[in-house]
2 protein chains.
Amino acid sequence: MCFTYACLVSTQAQVLYDFAAEPGNNELSIREGETITITNQNIGGGWIEAKNSRGEVGLVPEDYIEVSNGYIYIYIYCMYIQDDEWDEEWDDVKSSGGYAESEAGEGGAINRGGAHDWTYIQEVLITISFLYDVDVYTVYTVFQSGEVGPVWAYPDYQLDCVVADPKKGSKLYGLKSYIEYQVTPTTTNKPVNHRYKHFDWLYERLLEKFGSAIPIPCLPDKQVAGRFEDEFIKMRMERLQGWMTRMCRHPVISSSEVFQLFLSYKDEKDWKMGKRKAEKDETVGVMVFSTIEPEGLPDLDLIEVEQKCDQFNRFTRAMDDGVKDLLTIGNEHWKRCTGPLPKEYQRIGKAFQNLSSVFTSSGYEGEAALTDALTAAGKTYEEIAQMVAEQPKKDLHFLMETNNEYKGLLGCFPDTVGVHKAAIEKVKEADKLVAAGKITPSDKTTMSKRASTMSYSLQAEMNHFHSNRIYDYNRVMQQYLEQQVKFYEMIADKLRHAHSQFTTM
Amino acid sequence: MCFTYACLVSTQAQVLYDFAAEPGNNELSIREGETITITNQNIGGGWIEAKNSRGEVGLVPEDYIEVSNGYIYIYIYCMYIQDDEWDEEWDDVKSSGGYAESEAGEGGAINRGGAHDWTYIQEVLITISFLYDVDVYTVYTVFQSGEVGPVWAYPDYQLDCVVADPKKGSKLYGLKSYIEYQVTPTTTNKPVNHRYKHFDWLYERLLEKFGSAIPIPCLPDKQVAGRFEDEFIKMRMERLQGWMTRMCRHPVISSSEVFQLFLSYKDEKDWKMGKRKAEKDETVGVMVFSTIEPEGLPDLDLIEVEQKCDQFNRFTRAMDDGVKDLLTIGNEHWKRCTGPLPKEYQRIGKAFQNLSSVFTSSGYEGEAALTDALTAAGKTYEEIAQMVAEQPKKDLHFLMETNNEYKGLLGCFPDTVGVHKAAIEKVKEADKLVAAGKITPSDKTTMSKRASTMSYSLQAEMNHFHSNRIYDYNRVMQQYLEQQVKFYEMIADKLRHAHSQFTTM
């Protein structure tokens, strides 16, 4: 379904595309470039009543026009859902796992389904008008932390969950197969089963609801080919675990109704009701800012808001470059470590063993000590070859996974920051709008206040991002280096043993 | 100069090429394929007196004919030497060091200058006739060792020498420059100075004198381009050292007059006299077998001799393959270790440092611990890159050098073994020769005895080779593995230190 909200501020609109009225339908023909006046925006079903310059009135499709100014227009993220009867084929997206290929698939969560409309300032400003009309279920609070500035209100207990135990299930008398993962929240400790498409449903809901304020990273790649293979299932499970942990860690997301719904399951009826409610949730898109309350924080001035915004933008862009760079290098290193390098160690090992067997054929007495030692050295290098080939899975893998996750996360930021930039631009125009009588001075104050709230929200989100980033990178680097140390130590041990078998004469 | 010895056993010879007599010179015209009878082999200057089927007698060039049977013919290795006034250009052989290029340059010492003539049985059998005519300076004894069979008589004191201190010298008022190496024998401890060309002179003398019985490995590649560069001088010195040590270790070579001459220097007159004497030495080529005495060893039967010969042949060929294989693999590994691999570690290091500097720009408090640790980790990987690139010089280098030396040595064996195989073939024909009245039964006994001596000599040489090989490979493998262990330990240490800088939160 597609929800559209509009709010009258001014009545002028530009026609974007030609539209020929169908006779007998109360429609109005319009031409690209024409300016029309909106007479009734509450028609619904994608239609709006408008009047052209010749005074003719009729219905026009709302996506054929662009409101010139003052007219607030929201496109809430559209998604076509056949309720519970999703076809299995819908996730038949050509894509294959692994780092090399997934690099093309940018994180950009909001890029799907009319994302650009979101960043329009009109959508942002609706929050000014709609703020107090919304049925607010939850208010997310931003506090001031002494050290880092605005932060989300974190719960006392850090939610987490375990994604495990993938099981093959089937329906339609075995005609359709799927994999079900067991998700166990640390709060209830009661496992619930979810298929990939349920995770995807959750993702879409979170994106719709929080995407303007909080970057919602993509789920692991959709993939059909090989999706029942153990290796793939393990990888997907690992990535779903990573995604879920990230969502659990976020105070806003983890406390949301839709997320809690996903983690709990009483019965089928309850679940279906919850799903329908979530899909009908109207506090989505930029509306989410109406549910955010910077508690006891002074309004920011425009320059400050702008500076914060630019700083985050620069940072996320730079980090995005850095992360991609690391992924490219890691990917090359992965290839070398699993391809030519172990082959070379294997060949060295074989060459030593070959020389050993040649030596054995010498017929010379007292050869055995050397040939045994040479064979052992050769086998050691073969073992090293295998260690080298298997090592990336033990260390580089996690470094890559973490950076891959961050690549996805960072890919969401341009849109998130874009919403704020657009708001700033609009607030800058506020004086003109007041002078032109298009908004009241009180509206202007509200706009500034909203921009300030958005900035606090962004700052809280960035601080959340930073603290998680510091935690994640500390952890993954520790893990990486620890495994690297073990790896090199084990090689040294093996070689030391091989060395000891040669005799000094 | 070119020395030729011939010894009459029979008078029949085949004409190899057409030769037109020059009138008034006592020459005889001969045609390819014609059979002639030798009437006087003591003409000298490359000429022989022969009679054709029509009874005409005249001089024919000795290298235009091949003695049909029984006629012994020696070509002693020829070399053109301008005494001390060698031109600097003579060592202007296009060649460049390094493993990749030197692989083409096979060891094959005897391949130079009419080597194939040597392996002719005729040359071998001369030793039967000449044995007791030769002015024997030294007799090299082969003993029976309980463990391994025939061995050379080893001196009580193992000679060695140190090649060091390369210095640039010049002559002709600075017009010609050269590098002089200081060679210090452990016996006298008195250093003598030698240029590369002196080493080469020694090599040629040793090859001429001992090449039929003992494989004389080539000197390090001749090279003109870059020969005054420090890196090259160091490499050449190292290889000259290896060559000299190998020569010192050989009981026959190290006790030879020419080798002792090289290691000592009283005055210029003494040196020049020694050189001239060495160049005029007639106990060269297969003649050397006349100076070898299997002390108290029973004559071997033909089958035994043949078996030994085949065994050595198979072994040296298999080892040659094994060594070349190892060199190819080592060379590839060298390239990877000095090329793409450190570049990759460097890029990993840079990526970590880059990420660190991005993180520093976050403006987030409490970032310093992570960024410092990330920078340190990045620098660690840069250090590892350098270690990786420098490591081959510390370990693979010696493994390659040793195998390169052995490649050269093994390249000499086919010729050495060939001399023996030819002798065996001839001994097999002995009965026929006796029956045809071409040799006496006593000659046959002498031939068998000689073949037995040659076999003992080959066995002693193989045992020398084997014991040295076992020593060398034990040593080089120990050295290689020791350095490899150190290398991996140092990497583990560095990474452990880098790891410790990340904090768990």
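These figures come from a predicted structure and were not determined experimentally.

Parameters at a glance
Residues numbered from 1 in each chain as written. Chains lettered and ligands numbered in written order. Predicted model: local features only at pLDDT ≥ 70, side-chain atom pairs only at ≥ 80, totals over all residues. Heavy atoms only, no water. Helix = DSSP H or I, 4+ residues; strand = E, 2+ residues; numbered from the N terminus. Buried < 20%, exposed > 50% of the residue type's maximum accessible area, 1.4 Å probe, protein only. Areas by Shrake-Rupley, 256 points an atom, 1.4 Å probe, with all protein chains shown as cover. Core = buried A, V, L, I, M, F, W, Y, C linked by side-chain atoms within 4.5 Å. Contact = heavy atoms within 4.5 Å. Polar contact = N/O pair within 3.5 Å; in protein donor to acceptor, adjacent residues only side chain to side chain. Phe/Tyr/Trp six-rings, centres within 6.5 Å; stacked < 30°, edge-to-face > 60°. pLDDT = per-residue confidence, 0-100. Least-squares fit on C-alpha atoms with pLDDT ≥ 70 in both. Expected span 1.5 Å × (residues − 1). Arc of directions from axis to C-beta. Pairing = 2+ DSSP bridges. Axes fitted to C-alpha atoms, helices over the stretch in contact; angles between N-to-C directions. Buried area = accessible area lost by both parts, 1.4 Å probe. Salt bridge = Lys/Arg side-chain N within 4 Å of Asp/Glu carboxyl O.

Now for the overall build of chain A. What chain A contains, in helices and strands, is 13 helices and 13 strands. Within the span of chain A, comprising 505 residues, buried residues form 54% of the whole. Accessible area for chain A stands at about 22600 Å²; split by element, carbon and sulfur atoms hold 51% of it.

This part covers the nonpolar core. By size, the foremost hydrophobic cluster in this structure holds 206 residues, and its most contacted members are M244 of chain A together with M244 of chain B. Setting aside residues up to four positions removed in sequence, M244 of chain B forms contacts with C161, V163, V183, F199, L202, F259, F262 and L263 of chain B.

It is worth spelling out the side chain of R246 of chain A at this point. All names here are of chain A. For R246, the location among the structural elements is in helix α5 (residues 230-249). Separated by 2.7 Å, the side chains of R246 and E405 make a polar contact. Setting aside residues no more than four positions away along its own chain, R246 makes contact with P217, E405, Y406, L409, N468 and D472.

Moving on to the environment of W201 of chain B. Inspection of the secondary structure puts W201 of chain B in helix α4 (residues 196-210). Expressed as a C-alpha distance, the spacing of W201 of chain B and K275 of chain B, which sit 74 residues apart in the sequence, is 9.2 Å.

According to the stated counting rule, one finds 31 aromatic pairs over all chains in the structure shown. Pairing F352 of chain A with Y480 of chain B gives two aromatic rings, centres 6.3 Å apart and planes at 75°, and the pair type is edge-to-face. Of this pair, F352 of chain A sits in helix α10 (residues 340-360) while Y480 of chain B sits in helix α13 (residues 441-500), each in a different chain. For F352 of chain A, a relative accessible area of 0% corresponds to the buried category. Seen in terms of ring centroids, F19 of chain B and Y64 of chain B are 5.7 Å apart; in terms of plane orientation they differ by 70°. Their pairing is edge-to-face. In this pair, F19 of chain B is assigned in the loop between β2 (12-15) and β3 (35-44) and Y64 of chain B in the loop between β5 (57-61) and β6 (65-67), connecting sequence segments 45 residues apart. The buried category is assigned to F19 of chain B, whose relative accessible area is 13%.

A few words on the confidence of the model for chain A. Residue and element names in this part refer to chain A. Predicted confidence across chain A gives a mean pLDDT of 80, with 81% of residues reaching 70 or more. The secondary-structure element of chain A with the lowest mean pLDDT is strand β7 (residues 72-75), recorded at 27, while helix α11 (residues 368-394) shows the highest, at 96. Below a pLDDT of 50 lies the segment residues 1-10, which in the model reaches 39 contacts outside its immediate sequence neighbourhood of four places, other chains included. In the predicted structure, residues 69-137 sits below a pLDDT of 50 and forms 188 contacts with residues beyond four places in sequence or in another chain.

Next up on the list: the relation of the copies chain A and chain B. Each copy of the sequence occupies a distinct position, and chain A is placed on chain B by a rotation of 180° and an axial shift of 0.1 Å, giving an RMSD of 0.4 Å. In short, the pair behaves as if placed about a two-fold rotation axis. The C-alpha atom lying nearest the rotation axis in chain A is that of Y488 of chain A; the distance is 2.8 Å. In this assembly the copies share their binding face: 100% of the residues contributing to the interface of chain A also contribute to that of chain B.

For the rest of this paragraph, the subject is helix α8 (residues 268-280) of chain B. Residue and element names in this part refer to chain B. Helix length check: α8, at 13 residues, gives a terminal C-alpha distance of 18 Å against a target of 18 Å (1.5 Å per residue), a fit within 8%. Every buried residue of α8 is listed here: W271, G274, K275, A278 and E279. Angular distribution of buried residues about the axis of α8 spans 130°; they occupy a single face of the element. Opposite the buried face of α8, at more than 90 degrees from it, the exposed residues are K269, M273 and K280.

Attention now moves to the sheet that holds strand β8 (residues 140-145) of chain B. Residues and elements named next belong to chain B. Strand order across the open sheet formed by three strands is β9-β8-β13, with mixed pairing between neighbours. Each edge of the open sheet carries a strand with a single partner, namely β9 (149-152) and β13 (292-294). Neighbour to neighbour, the strand axes of the sheet diverge by 30° on average, direction disregarded. Taken strand by strand, α13 contacts β8, β9 and β13, and its axis lies near 75° from that of β9.

Turning our eyes to something else, we now look at the interface of chain A and chain B. The interface is formed by 66 residues belonging to chain A together with 66 residues belonging to chain B. Between chain A and chain B, a total of about 6500 Å² is buried, with carbon and sulfur atoms accounting for 67% of that surface. Of all residues in chain A, E344, Y364 and Y488 of chain A bury the most surface against chain B, accounting for 11% of the area lost on that side. Where chain A packs against chain B, one counts eight salt bridges. Across the pair E344 of chain B and R336 of chain A runs a salt bridge, and its minimum N-O distance is 2.5 Å.

Attention now moves to the pattern of salt bridges. One pass over the structure, following the stated rule, counts 50 salt bridges over all chains. Its salt-bridge partner being K277 of chain A, residue E257 of chain A comes within 2.6 Å of it at the nearest N-O pair. Note that E257 of chain A is positioned in helix α7 (residues 257-263) and K277 of chain A in helix α8 (residues 268-280), a separation of 20 residues in sequence. Salt-bridge contacts for E208 of chain B lead to R205 of chain B; the nearest nitrogen and oxygen are separated by 3.2 Å. Taken together, the residues E208 of chain B and R205 of chain B, both in helix α4 and three residues apart, mark about one turn of the helix. The exposure classification of E208 of chain B matches that of R205 of chain B, with both residues buried. Where salt bridges share partners, they join R246, R249, E405, D472 and R475 of chain A into one cluster.

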